[in-house]
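# Fold and contact review
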Amino acid sequence: MSDAELHENPSQALLSPGHTYASVTDKISTIVLSDGVRRGWMFGFALTFLLVMLLLWAIGRLFAVGIGIWGVNQPVGWGFAIINFVWWIGIGHAGTLISAILLLLRQKWRTSINRFAEAMTIFAVACAGMFPLLHLGRPDLFYWLLPYPNTMGTWPQFRSPLVWDVFAVATYATVSLLFWYVGMIPDLATLRDGAKRRFAKWSYGILSMGWRGSAVHWHRYELATLLLAGLATPLVVSVHSIVGLDFASGIIPGWHATIFPPYFVAGAIYSGFAMVATIAIPLRKFYGLEDFITIRHLDNMAKIMLATGLIVVYGYAMEMFMGWYSGDIFEAQVSKTRFFGPYSPEYLTLIACNVFFLQLFWFKKFRTNVVLLFLLCLVSNVGMWLERFIIVVTSLHRDFLPSSWGMYRPTFWDWATLVGSLGLFFFLLFLFIRFLPMIAISEMRELLFSKDGKGAATPDKTRGTEVERVPEGKKVWGLLAEFQSPEELEDATSRSYAEGYRIQEAYTPFPVHGLIKALGPRKWLLPKLVLIGGIIGGTLGFLLQYWASTTAYPINVAGKPLNSWPAFIPITFELTVLGAALTAVLGMLAMNRLPQPYHPLFHIDRFRRATRDRFFLCIHQRDPQFDREETARFLLSLEPNQVFEVHP
Amino acid sequence: MSQASRDSVARLAAGLEGKTGPRYWRSLEELADTPEFRAFVADEFPSGASEWHDPVSRRNFLQLMAASCALAGLAGCTRQPEEQIVPYAIAPEQVIPGKPLFYATAVRHSGYGYGVLAESHTGRPTKLEGNELHPSSQGSSTSFMQAAVLDLYDPDRSQALFRNRRIGTWPEFLGEVRTATRELEKTRGAELRLLTGPVTSPTLAGQIQDLLTKFPDAAWYSYDPAHSRARADGANTVFGRPVHTVHRFDQADVVLALGGDFLSEDPASLRYARDFAERRSAFAGGGTMNRLYAVESTLSLAGAAADHRLPLQAAKIGQLVWALAGELGVHSETKPDLGPAVARWVAALAKDLGGHKGRSIVWAGDDQPAEVHALVHAINSALGNLGKTVLHTEPALAASKGGLAELAAEMQKGKVGVLVVFGVNPAYDAPADLEFAKAMAKVRFRIHLGRERDETAALSHWHVPGTVDLESWSDVRGHDGTVTILQPLIAPLYGGKSEHEIVAALLGNDAPRAHDIVRGYWKSKTETEDFDRWWRRALHDGIVAGSALPTVEVRPRPDFVPQAPTAATGGLEVTFRPHPTVWDGRYANNAWLQELPVPLTKVTWDNPVLVSPATARRLDLDTGDVVELELAGRKVLAHVWIQPGQADDSITVHLGYGRTRTGRVGRGRGFNASAIRTSDAMWIAAGASVKKTSRRVKLATTQHHQVMEHRDLVREATLAEFREQPEFAHERPNEQSLYPAVAKGDYGWGMAIDLTRCIGCNACMTACQAENNIPVVGREQVLVGRAMHWIRVDRYFEGTPEAPRVLFQPIPCMQCENAPCETVCPVGATSHSDEGLNDMVYNRCVGTRYCSNNCPYKVRRFNFLDYRDPDERIQLMRNPNVTVRARGVMEKCTYCVQRISAARIAAKKDDRRIRDGDVVTACQSACPTRAIVFGDAQDKTTRVAKAKSDPRDYVLLPELNTRPRTSYAAGITNPNPELA
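About the thresholds
- Residues numbered from 1 in each chain as written.
- Chains lettered and ligands numbered in written order.
- Predicted model: local features only at pLDDT ≥ 70, side-chain atom pairs only at ≥ 80, totals over all residues.
- Heavy atoms only, no water.
- Salt bridge = Lys/Arg side-chain N within 4 Å of Asp/Glu carboxyl O.
- Helix = DSSP H or I, 4+ residues; strand = E, 2+ residues; numbered from the N terminus.
- Buried < 20%, exposed > 50% of the residue type's maximum accessible area, 1.4 Å probe, protein only.
- Expected span 1.5 Å × (residues − 1).
- Phe/Tyr/Trp six-rings, centres within 6.5 Å; stacked < 30°, edge-to-face > 60°.
- Lys NZ or Arg CZ within 6 Å of the ring centre and 35° of its normal.
- Patch = residues over 30% accessible without salt bridge, like charges linked within 9 Å, V, L, I, M, F, W, Y side chains within 5 Å.
- Areas by Shrake-Rupley, 256 points an atom, 1.4 Å probe, with all protein chains shown as cover.
- Pairing = 2+ DSSP bridges.
- Axes fitted to C-alpha atoms, helices over the stretch in contact; angles between N-to-C directions.
- Contact = heavy atoms within 4.5 Å.
- pLDDT = per-residue confidence, 0-100.
- Core = buried A, V, L, I, M, F, W, Y, C linked by side-chain atoms within 4.5 Å.
- Buried area = accessible area lost by both parts, 1.4 Å probe.
- Polar contact = N/O pair within 3.5 Å; in protein donor to acceptor, adjacent residues only side chain to side chain.
- Nonpolar A, V, L, I, M, F, W, Y, C, P; charged D, E, K, R; others polar.

### Examining the pattern of salt bridges
Per the counting criterion, the structure on display carries 83 salt bridges over all chains. Across the salt bridge formed by B:Arg231 and B:Asp366, the nearest N and O atoms sit 3.9 Å from each other. Here the residue B:Arg231 occupies a position in helix α9 (residues 230-239), and B:Asp366 occupies one in the loop between β12 (360-364) and α14 (370-382), the gap between them amounting to 135 residues. Side by side, B:Arg231 and B:Asp366 carry an identical accessibility label, which is buried. Several salt bridges share partner residues, and in doing so they unite A:Asp26, A:Glu482, A:Arg606, A:Arg609, A:Arg612, A:Asp613 and A:Arg614 into one network.

Here it is as structure tokens:
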């Protein structure tokens, strides 16, 4: 869709017209930087805080009395905890999908929703990660699932999908956190530079690690983000596949099915987008962000829900089909029980939510009507929770020997933990909205630049003719020229390079790709490092499992070979991703020499606009051609807004 | 607290003057050793709450506490009082810590003894095994026997003498008894009455005889709420003399069981079960198989095992017997009209019985009246069974003057001045029409000896805590009269007194010891030169050789004329039966038995009334409905259980519940059936009515689903089918695998369970519970599905709900070679030993419960809460070789790995392999029918290997390729082709 078309049809726009770099920046950062809180926020915050207290109460009681306060029993050994775990982790998947897969696919519409989708991922994974711990009979010993040398000489049992879970969830949480944080660094710098209060300045300063928007930094940053996105894409598929394997590895009828991994991934994306929309719709209304999160966003999300939802429906159909086609009486029993057994109300509700209501997404009316869409997303959330309930409970409550059939009935504490986890999720979300930029500002500026660069820059009335000198007695570290548009900066940089200046640096509020060429040729090490990091991670992961299982702690597990290499693949994969992701982020930071809280450029007050709407070129005093007067003259000849002398 | 103990405190204070710190403690301990103080401590938590409202006793308590606090202060503000731990200076002979000792003794149940070997760990009895030499147990045991250990340690047992509601002392008691007996001597004991349970103890019978000699006008009454004397009365009618009947089920080809349950309710049941199973399994060796017919109103174990079972109102059984007697030529009168189907059934039965003269048994239960028993004796006589399959001996029970009704009548008339009660609890279980409590109030001086401060104790002037088996000397007869001398393994835990000591006290014998009484009795009765040797031999073997009662030859009196039973039939009847696990209420406080599922309903902790599906439909009842059950104007609130196989219009009510004065475990559960029981209709009562109320209760059952859903879990065939195709159940699993073979250890343990033998009695469950320190979880936890038994006995119904076939299947851990639980454990807490065990490492378990989810047999059990009993007294009972599991830990059957280890150590010491039979699992040892065989399945010469090579051998769910080490031999039935 071309820009012209977008202008003709505002409902298809990704960003309402008329915005500038400055207006985008200010609109979003005001939400965070303004003093005081809005009444609605306070109310929501208080409510979710109470729910967090409920959660703590439930957890306290759980630890004091034991897992028996829940409804789990024989034969239903897993209940709400695992249901909630799978549900939450599924929800998290949309965040990664939006930020990683849509980034790789160059879907620009993701820009305005990816930040809080990523935040949602983090918080959902936090909620999810809590449950496997809570559901342990002895939660204080959770660390026994981790491989670490100990005096007892014991190691985890790497054939268990629960150990795969540990690695998958831990990797997923780490990579998501890195992705989210790295993505936020430029915006944190914007907040640092826009903040009035000392504490805010200080806090955002620490968090932004001294980000200055250097063109070289931007380039490595973009490389790292792209690599992370590339890594996160298979990761997000693997995580829910492994969660699906928790069930598929079991021999219980209703679990033991190869369809589980893809079906789980599709379900995760489906539920995740439902949650993103559930949050985005009230948020855009409340904070007046309709300009950024437009109807087109909602429409696109609904389309993805329809696509993934249909895969889920296929999964349901396949389960039923296999129940009949396999001729296995146990599978057939499960299918029959779901329809006619004691949990048929739950199952039929699930079918209504995920099969029948889903079909409404075919209609544009439902996709673009905000209220209807919101309601449908709620229905999808409930449906996906029920799906996990059905998978966990109905499969367990009637398995092979009818003598051990039983019923699972959740208790007050089960509900308190579920509601409490919802409270925790929204509590974190409220904090996030208030203290961090919920929309990626730099990416919005970039979007503006790529769309309509000319009008986005706010012109200064005056052009500078004088150099602002350093105070008496201070040395000169370099010379800094301010420009008002990326085009001017790019032009200036090219000319400066032609003039023979080599030790120079350009600073922009968003990545400007032409600058890298203008600054001269360079080698980029990062992709190779990431490859090496991944190989090291994966190799160590496999060797760890191999050594632990065959040499350090060889035990006979169900007659399987000691080197059960197929079972070692999931962890090997996860550690490959983890190694690569850590290398990407740490490598990017190290080569960018971040964190760097002090930098001479920060002496220049105007430089604060390098993270808002201004573009700077700096020539270092270390450059062999540098001459205080000559270079200043040269810079003034480039027609900048202003030129500054910078002291160290 | 009495004046005496107040004085003690004062005495203490005086005695303490001028002494240094540690000395005070010794003084306090000395004080604590006085009977008054012991009595006081025992009453620290009085069950009568009124104690707390008594200002005197509370103040005294505080005084004493203050005194001890002050003393602690004197000893130093911060230091703990000095305590010395002294090892054995001279170790008791044979006591090696960690090595158990076994003593032969017996456990009593309904007056009869069952020989056991009691395991003792450094002086603490922990587990009972049947005594192979004992004719009643033959090495097996019942749940009651297994649970005797818990009864011993029961913290709720009576722990002090009470005079009314105050603590008393033994000397005080003896003083009062002496005063009373002096009075009685003047009237030749005319006002003295003794009430006991059934007595087979020669010593006690002798003592009672001595008492009746000393007080010639006194009288002794005995009764048993769970057993009738109908069989003996019937025999008396037919043979004209009192005899005791013993059946030889191992000799019987055709058996007819009428009511009752010869496999679980008879004093000889344990032996009968063995004999029956041995005869039944003879087909495996190429022999024939017996055939069992059962006619009963409610499903029993015998009914479940029967080849042909006919549900019939209990009152109509007499008519059926009359018809059968007619068919067999016992009488020639007109036969009652039983309907064509039943008539055909009876005709086939009569033909079958008639074809096996001298090799059949007709057996009637205690619930059947004496007239039916008389007919049964006559039929057995006509079939030529007497002396062959039905033996008669001199009576095993000592004859008392009468039963409860006679005593109550005397008390009502005010003829009783001194009443001594022990071994029974009439205030709880007396039929309602006797108004026993009211009658008892008319007795001037009432003495009660009992294990509990129960309902009767509450009505007595004196309550003396009784001893239980394993802590007192006594003797008892088995079902055939064989005597076992009970030897204690431990001094009375709570200072109890035995019945011998009470009777001795009445005899005026000061400070006698039960040991001396029992030994004295036998010394006077045996004619042997070396009595010490005789005594040691008797104690060692657990039986007195040659003490079985001599058989007597009987034949029907010439003037015996068979009489048609007269019981009224029609309408709604109620039958009273002892509860399968808590019996007549004596085990109400035994948590193992409370939580043991009733074999045929799988209900725990409760006594619902059993109603047939058709009757329930007619009366619009559902399981759990609370109903008002009315019988002869007396009403009781009960809850309903719809039981397949129950006879229509026949409600079965179990005794033993509704206890108001017992410990914390049994108090206030279920309802008391005695409230509607009358002395003229103790077993079968006609004319009941049921009124549904709006209330419902949940019943804690361990099995919710009753049918197999067309799965081939319990495989069964008739004998004819088996002969045709012996491998009907056997499947050859595909042994091929892509995995390399796992190295095998020296042994490969395996278990084989014969479903033809299993009668579903649940003895294995209690034995496992005792051996493996399995916790009791309580009714609420059973309700939510968290019972902990490591072995369970699944029970399925097949066929119609009116007359279902009942299938039992014991399910321990299958110890799968390819165990699904092991693969999914994230910490390797469950893994495979090279000897084939699916080991469970409790300490390593973090409690994900994944293993349990993935277990297709659902044999794993999880500690959802902290189920350990914190009571130190219960901890004494624990098997020291088995870890007590903490909260949040998975547990399961280990094939009694501790016993395998013990056998391994023994074998290593002798430098040999473990022999077949060295390792006997707890369930195997208890099993009355020897249905469970365990051993090294790798060695083809062992019994288990042979059992596994039986053509009937199969494993559960072979299609899952779990390769279980526990396998089953398919069940074989032997139906009569004429009734097919």
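### Regarding helix α9 (residues 260-286) of chain A
Quick reminder: α-helices carry 3.6 residues per turn. Residues three or four places apart thus point the same way. Residues and elements named next belong to chain A. For α9, with 27 residues, the first-to-last C-alpha span of 39 Å sits near the 39 Å given by 1.5 Å per residue. The element α9 is extensively covered by neighbouring structure, given that 23 of its 27 residues are classed as buried. Phi turns positive one or two residues past the end of α9, at Gly288, with a value near 60°.

### What about the packing of aromatic side chains?
Enumeration according to the criterion identifies 76 aromatic pairs over all chains in this entry. Each ring, one from A:Phe412 and one from A:Trp413, has its centre 5.0 Å from the other, and the planes form 80°; the classification is edge-to-face. Owing to a relative accessible area of 13%, A:Trp413 belongs among the buried residues under this scheme. For the pair A:Phe542 and A:Tyr546, a centre-to-centre distance of 6.3 Å together with 20° between the ring planes defines the contact as stacked. Here A:Tyr546 and A:Phe542 lie together in helix α19 (residues 526-552), a separation of four residues that amounts to about one turn. With relative accessibility at 35%, the residue A:Tyr546 sits in the partly exposed group. Members of the aromatic cluster, connected to one another through ring pairs, are A:Trp78, A:Phe247, A:Trp255, A:Phe260, A:Tyr263, A:Phe264, A:Tyr316 and B:Tyr850. Note that B:Arg677 overlies the ring of B:Trp683, its terminal NZ or CZ placed 4.7 Å from the centroid. Positioned over the ring face of B:Phe862 is B:Arg849, at 5.3 Å from the centre of the ring.

### Some points on a nonpolar patch on the surface
All names here are of chain A. Where nonpolar side chains cluster on the molecular surface, the patch consists of Phe49, Leu50, Met53 and Leu56 and spans about 370 Å² of accessible area. Summarising the element assignment, Phe49 is placed in helix α3 (residues 39-65). The exposure class of Phe49 is partly exposed, given its relative accessible area of 37%.

### Overview of the sheet that holds strand β3 (residues 124-130) of chain B
Residue and element names in this part refer to chain B. Pairing is antiparallel across the open sheet formed by three strands, whose spatial order is β1-β2-β3. Both outer strands of the open sheet, β1 (101-109) and β3, are each paired with one neighbouring strand and no more. With direction set aside, neighbouring strand axes in the sheet form an average angle of 40°. Here β1 pairs with strand β2 (residues 112-121) via nine bridges, running antiparallel. Across the sheet, Ala104 pairs through a bridge with Leu117, a residue of β2. Across the sheet, helix α6 (residues 143-153) lies against β1, β2 and β3, angled at about 165° from β3, the strand it touches most.

### Section: the confidence of the model for chain B
Residues and elements named next belong to chain B. Here chain B averages 89 in pLDDT, while 91% of its residues score no lower than 70. Between the elements of chain B, mean pLDDT differs from a low of 41, seen in helix α4 (residues 50-53), to a high of 97, seen in strand β34 (residues 932-936). For residues 67-78, every residue scores under 50 in pLDDT, and the model assigns this stretch 11 contacts once sequence neighbours within four places are set aside.

### Points about the nonpolar core
Across soluble globular proteins, nonpolar side chains show a tendency to be buried alongside one another. Ranked by internal contacts, the top residues of the largest apolar core, which has 384 residues, are A:Trp88, A:Phe247, A:Phe425, A:Phe432, B:Leu258 and B:Phe262. For A:Trp88, the contacting residues outside a window of four places in its chain are A:Ala124, A:Cys127, A:Ala128, A:Phe131, A:Met275, A:Ser421, A:Leu422 and A:Phe425. Counting residues in each nonpolar core, the second largest holds 28 residues, with B:Ile208, B:Leu211, B:Leu449 and B:Ile502 among its members.

### Re the interface of chain A and chain B
Taken residue by residue, the interface counts 60 residues in chain A and 61 residues in chain B. Carbon and sulfur atoms make up 55% of the surface buried where chain A meets chain B, a total of about 4900 Å² over both sides. Where chain A meets chain B, there are 40 residue pairs in polar contact (both at pLDDT 80 or more). Within the residue set of the side of chain A that touches chain B, elements represented by two or more residues are α3, α6 (161-194), α8 (215-248) and α11 (329-340) of chain A. With four residues, α3(A) is the single largest residue contributor to the side of chain A that touches chain B. Here the residues of the side of chain A that touches chain B are counted per class, giving 36 nonpolar, 19 polar and five charged.

### Some points on the environment of B:Lys415
Residues and elements named next belong to chain B. With respect to the secondary-structure elements, Lys415 resides in the loop between α15 (404-412) and β14 (418-422). Assessed through its relative accessible area of 43%, Lys415 is described here as partly exposed. In sequence terms Lys415 and Val443 are 28 residues apart; their C-alpha atoms lie 8.2 Å from each other. If we ignore the near neighbours within four places in the chain, the residues touching Lys415 are Ala190, Glu191, Arg193 and Glu410.

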